[in-house]
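# Survey of secondary and tertiary structure
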Amino acid sequence: MTTISEKVSAKPTRTTRPVSTRVSQSVFDGSRLRVVLLVDVYDGAQQQFLEAYEQLCNQVAQVPGHVSDQLCQSIENPSQWLITSEWESAPPFLAWVNSEEHVEMVKPLHNCVRDTRSLRFHVVRETGGPSADAVRVLQAQPRMGDGVIRHALTFTVTPGSEAEVAKILADYASPEAKVDDSTRLCRTSLFMHGNRVVRAIEVRGDLMAALRHVARQPEVRAVEEAINPYLEQERDLDDQESARVFFTRAALPAVHHVTAEELAEGERHALYYPARPGCGMRLAELLAQQDEAAAEDPASPVLHSTVFQRDDVVVRLIEQRPGTPVDVTPAHALTALLDGDAVRMQLITDRRSPDA
């Protein structure tokens, strides 16, 4: 009997760099990335969608790190489409998808698309390949997670409004934690430094379902409306396109998570690292490597660490042993990448679901 391992192509394969078994999430191991975009197209807009995609894919083909893509239409429902793309690794994809260039590039799709869902996967195993001598960089081993999806949003408010914004963001009722039978909000932590706001979210289940659930809650809607006059980037949450663009730009993805002690809980802190232009991804990678090493050190005060990064905004969210000092001094290798001092952000609110 032929096993799966025997069926895997014998073409040359290069695995990723060794990663600590304590790392449950990382975009920095160098392995190939497969992106899956599920698209629900408005009835009658299929040809318009196809034309918009053809224009988009010609532009995407010029993006560094892009390998290939496919467009597929459901054989059962012509409104359902699937776009898959392959990238040399996660960092070039994230740099593109989080850029202003991407925001402008996908605008032609919005008029014909009802809903989308994006999924990102590192390639662990594959059969066949594009060429006999291709070197395929695959994720070396499966990562063990804790079932929690981590994400963050960030935006800035007008200088001088920080105290009023902090008060608004601290004084609101928590939304319902249960989203549906498979999705639940676990924890929301909100921090500020200067006029920058960072909201870190932890979810079990479907992240997009949780974000949509939160956006519909009356308590959250009232808070979002209250801070609208203070935002540096204007938005209209009642306008679908305005809301989509705002939250696309506000997304601050988690790029690395490591756990030193699985069941330990500590004091939560957020550290903000302003990166020099073009250095955000490299800065986040070095922080990730630093936290991997610390996770193996029993004397380290850090119990958990998540690094979030978008463009030149890098935030490190840590759980630290209670009563231990927070060290914001960057390692020597980081100083050349920083555009100012690393700082500890002010905690505005930290809310946890009772049964998270």
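Small disclaimer: the values here were computed from a predicted structure and weren't measured.

### A closer look at the pattern of salt bridges
Where charged atoms from two side chains of opposite charge approach closely, those side chains can pair. As enumerated under the stated definition, the model contains 22 salt bridges in all. Residue Lys-167 pairs with Asp-171 through a salt bridge whose shortest N-O separation is 3.7 Å. We note that Lys-167, like Asp-171, is exposed. For the salt bridge of Glu-224 with Arg-235, the shortest nitrogen-to-oxygen distance reads 2.4 Å. Within this pair, whereas Glu-224 is found in helix α8 (residues 218–227), its partner Arg-235 is found in the loop between α8 and α9 (240–250), the two being separated by 11 residues in sequence. Both residues of the pair, Glu-224 and Arg-235, belong to the buried class. When salt bridges that share partners are traced, they join Arg-187, Glu-202, Arg-268, Glu-319 and Asp-350 into one network.

### Comments concerning the nonpolar core
Side chains that are nonpolar tend, in soluble globular proteins, to be buried together. Judged by nonpolar contacts, the single largest core of 46 residues is most densely connected at Phe-49, Trp-87, Phe-93, Trp-96, Tyr-273 and Leu-283. If you list the elements that add at least two residues to this core, you get β3 (33–41), α2 (46–60), β5 (80–87), α3 (90–97), β12 (267–274), α10 (280–295), β13 (302–310) and β14 (313–320). Each residue touching Tyr-273, except ones within four places of it in the same chain, is listed here: Leu-283, Leu-287, Asp-312, Val-314, Arg-316, Leu-338 and Ala-342.

### Considerations on α2
Here α2 is 15 residues long and its end C-alpha atoms lie 20 Å apart, about the 21 Å a rise of 1.5 Å per residue gives. Every buried residue of α2 is accounted for by Gln-46, Phe-49, Ala-52, Tyr-53, Leu-56, Cys-57 and Val-60. Taken around the axis of α2, the buried residues stretch over an arc of 135 degrees, which confines them to a single face.

### So, the pairing of β5
Across the eight residues of β5, six count as buried, placing the element largely inside the fold. The pairing of β3 with β5 spans eight bridges and is classified as antiparallel. Paired with Leu-37 across the two strands is Ile-83, which belongs to β5. Both strand β4 (residues 66–73) and β5 contribute to a ladder of seven bridges, which runs antiparallel. Residue pairing across strands places Gln-70 opposite Thr-84, the latter belonging to β5. Taking the residues between adjacent antiparallel strands as the criterion, β4 and β5 are bridged by six residues.

Cut-offs used in this document
- Residues numbered from 1 in each chain as written.
- Predicted model: local features only at pLDDT ≥ 70, side-chain atom pairs only at ≥ 80, totals over all residues.
- Heavy atoms only, no water.
- Salt bridge = Lys/Arg side-chain N within 4 Å of Asp/Glu carboxyl O.
- Buried < 20%, exposed > 50% of the residue type's maximum accessible area, 1.4 Å probe, protein only.
- Helix = DSSP H or I, 4+ residues; strand = E, 2+ residues; numbered from the N terminus.
- Core = buried A, V, L, I, M, F, W, Y, C linked by side-chain atoms within 4.5 Å.
- Contact = heavy atoms within 4.5 Å.
- Expected span 1.5 Å × (residues − 1).
- Arc of directions from axis to C-beta.
- Pairing = 2+ DSSP bridges.

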